[in-house]
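Listed here are the chains, written in short residue letters.
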Amino acid sequence: MSVSFEAPFLFLLFGNERALLLDTGATQEPADFPLRDTVDALIAAWLADHPQDDYELMVAHSHSHGDHIAGDEQFTDRPHTTVVGTELEEVQAFFGFTEWPTQVVTLDLGGRVLELTGTPGHHPTSVAVFDPWTGFLLTGDTVYPGRLYAADRARFGTSVEHLVQFAEARPVSHVMGAHIEMSRTPRRDYPMGATYQPDEPPLQMSMDQLRAVRDAARSAAKPGLHVHDDFIIASGMGPRTVVPLLLRAYAQRARALLPHRI
Ligand SMILES: [Zn+2]
C-alpha cells in the first residue's frame, strides 16, 4: 500500500513443467515494484529443489484492469516466458475458450491442472481459476472482501451465479480475490484510496460468503452501493455508485490534512 493503494494480490503457481503468474500488479517501474526480481528469485529457489532446463513461465491476468497488468513489461524480455495479451480475444485464444464465458477450460502446469471459467461483469475479460492443489478459487476482482464493482450489472449477476455452480462442483478450500477493502467491522469498508488498513479481515473468503455475494447480486438491480456484512456491491458505475465513494475519499483525505489540534 505504500507503493499503490490498490495493493492487489498476485498469485504464482508452480507446476512440474511450468509456472503461472496471475496478475502483475498496479505498478510498472521495477525500481518501485521489483516484481520480476521477486518472481525470478522464487523460480530459482523452486528450480534448486526441482532442477530442470527451460522451465516456462506464463504471465496471465484475472482481468485486464490497469492494477492487474501494470508489471507486464517487466517480463517481456524474460526467456521461456509467455505474457498473455489483455484483449478479450487474446485471453480467449490463449486459454482455448470457444464458448465464452461459461465453458470450463484447463491449464496444465504439469501435475497441476488448473480449471478456468469466464466471469465477465466487473470487466469483460474476468476469469476465475480453480487450483486443485490448494483448493483455491482465484476470483480476481469479481469476489473479494471489499467493493465489488459490477460495471455491467447484468453480466456480473449471471457470472456470480455461474461461479457458485462452478465452485460447488469442486473442493474449494478458500475463495481468494485480489483486494481487501473491508474492515473487520461488518458493513464498514476503508475509504477508496486508503493506504493504512490496520483492521483488515483476511483475504480468504468461504463458500458461504461466495453464496452471499450471489444472493446479494440477485437483489442489487438498483444502481448504487449495496452494503453487506463482508462486502459491498457497487452496482453499475454511474453517479449513484461513484459520487458517494469519491466524497468519502476526499473527506478522508481532508481529515488527514487537518492539524491534529485545532
Ligand atoms: Zn483490481
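Computed from a prediction, not measured in an experiment: that's the story for all the values here. (Residues numbered from 1 in each chain as written. Predicted model: local features only at pLDDT ≥ 70, side-chain atom pairs only at ≥ 80, totals over all residues. Heavy atoms only, no water.)

A.B. asks: Let's hear about helix 4 (residues 153–168): which residues, and what values?
C.D. replies: Because each turn of an α-helix spans 3.6 residues, side chains separated by three or four positions in sequence point in the same direction. When the terminal C-alpha atoms of helix 4 are compared, their 23 Å separation across 16 residues agrees well with the 22 Å that a helix rising 1.5 Å per residue should span. Phe-156, Gly-157, Ser-159, Val-160, His-162, Leu-163, Val-164, Phe-166 and Ala-167 are the residues of helix 4 that are buried. (Helix = DSSP H or I, 4+ residues; strand = E, 2+ residues; numbered from the N terminus. Expected span 1.5 Å × (residues − 1). Buried < 20%, exposed > 50% of the residue type's maximum accessible area, 1.4 Å probe, protein only.)

A.B. asks: Now, about the coordination of the zinc ion: what can you tell me, with residues and values included?
C.D. replies: Taken together, the protein ligands of the zinc ion are Asp-67 (OD), His-68 (NE2), Asp-141 (OD) and His-179 (NE2), with distances of 2.0 to 2.3 Å. Because the angles between the 4 donor atoms bound to the zinc ion fall within 86 to 159°, the donor set is best described as irregular. Here the donor residues for the zinc ion map to a single chain with the spacing D-H-x72-D-x37-H. Here Asp-141 is found in the loop between strand 8 (136–140) and strand 9 (147–150), whereas its partner His-179 is found in the loop between strand 10 (174–177) and helix 5 (207–218), with 38 residues between them in sequence. (Donors = N, O, S within 2.8 Å, 3.2 Å for Na, K, Ca; no water. Tetrahedral: all angles 85-135°; square planar, octahedral: opposite > 155°, others 65-115°.)

A.B. asks: Let's hear about the sheet that holds strand 3 (residues 56–60): which residues, and what values?
C.D. replies: Backbone hydrogen bonds are what pair the strands of a sheet, in a parallel or an antiparallel way. One open sheet accounts for 4 strands, arranged 1-2-3-4; its pairing is mixed. Of all strands in the sheet, those bounded by a partner on one side alone are strand 1 (11–14) and strand 4 (81–83). Taking the axes of each pair of neighbouring strands and ignoring which way they run, one obtains an average angle of 15° across the sheet. Lying over the sheet, helix 1 (residues 35–49) contacts strand 1, strand 2 (18–22) and strand 3, oriented at roughly 25° with respect to strand 1. (Pairing = 2+ DSSP bridges. Axes fitted to C-alpha atoms, helices over the stretch in contact; angles between N-to-C directions. Contact = heavy atoms within 4.5 Å.)

A.B. asks: Run through helix 1, naming residues and quoting values.
C.D. replies: With 15 residues, helix 1 should reach 21 Å at 1.5 Å per residue; the first-to-last C-alpha distance of 22 Å fits that figure. All of the buried residues along helix 1 are Leu-35, Arg-36, Val-39, Ile-43 and Trp-46. The buried residues of helix 1 all sit within an arc of 95° when viewed along its axis, so they share a single face. Of the exposed residues in helix 1, the ones pointing more than 90 degrees away from its buried face are Asp-37, Ala-48 and Asp-49. Buried positions along helix 1 lie against strand 1, strand 2 and strand 3. (Arc of directions from axis to C-beta.)

A.B. asks: Lay out the pattern of salt bridges in plain terms, naming residues and giving numbers.
C.D. replies: Tallied over the full model, the rule gives 16 salt bridges. One salt bridge connects Arg-248 with Asp-189, and the closest N-O pair in it is separated by 2.9 Å. Residue Arg-248 is located in helix 6 (residues 239–257), and its partner Asp-189 is located in the loop between strand 10 and helix 5; the two are separated by 59 residues in the primary sequence. Salt bridges sharing common partners tie together Arg-36, Asp-40, Asp-77 and Arg-78. (Salt bridge = Lys/Arg side-chain N within 4 Å of Asp/Glu carboxyl O.)

A.B. asks: Describe the packing of aromatic side chains, naming the residues involved and giving the relevant values.
C.D. replies: Applying the stated rule across the entire model yields 4 aromatic pairs. For the pair Phe-14 and Trp-46, a centre-to-centre distance of 5.4 Å together with 15° between the ring planes defines the contact as stacked. Note that Phe-14 is positioned in strand 1 and Trp-46 in helix 1, a separation of 32 residues in sequence. As far as the burial class goes, Phe-14 and Trp-46 line up, both buried. Taken together, the aromatic side chains of Phe-14, Trp-46 and Tyr-55 make up a single cluster linked through ring pairs. (Phe/Tyr/Trp six-rings, centres within 6.5 Å; stacked < 30°, edge-to-face > 60°.)

A.B. asks: Provide a residue-level description of unusual backbone geometry, including the pertinent values.
C.D. replies: Backbone torsion omega between Trp-100 and Pro-101 reads 0°, so that peptide bond is classified as cis. Residue position: Pro-101 is located in the loop between helix 3 (88–95) and strand 5 (104–108). Within the chain, Asp-54 stands out as a residue other than glycine whose phi angle is a positive 60°. Tracing the backbone through its elements, the reader meets Asp-54 in the loop between helix 1 and strand 3. With a relative accessible area of 54%, Asp-54 lands in the exposed category.

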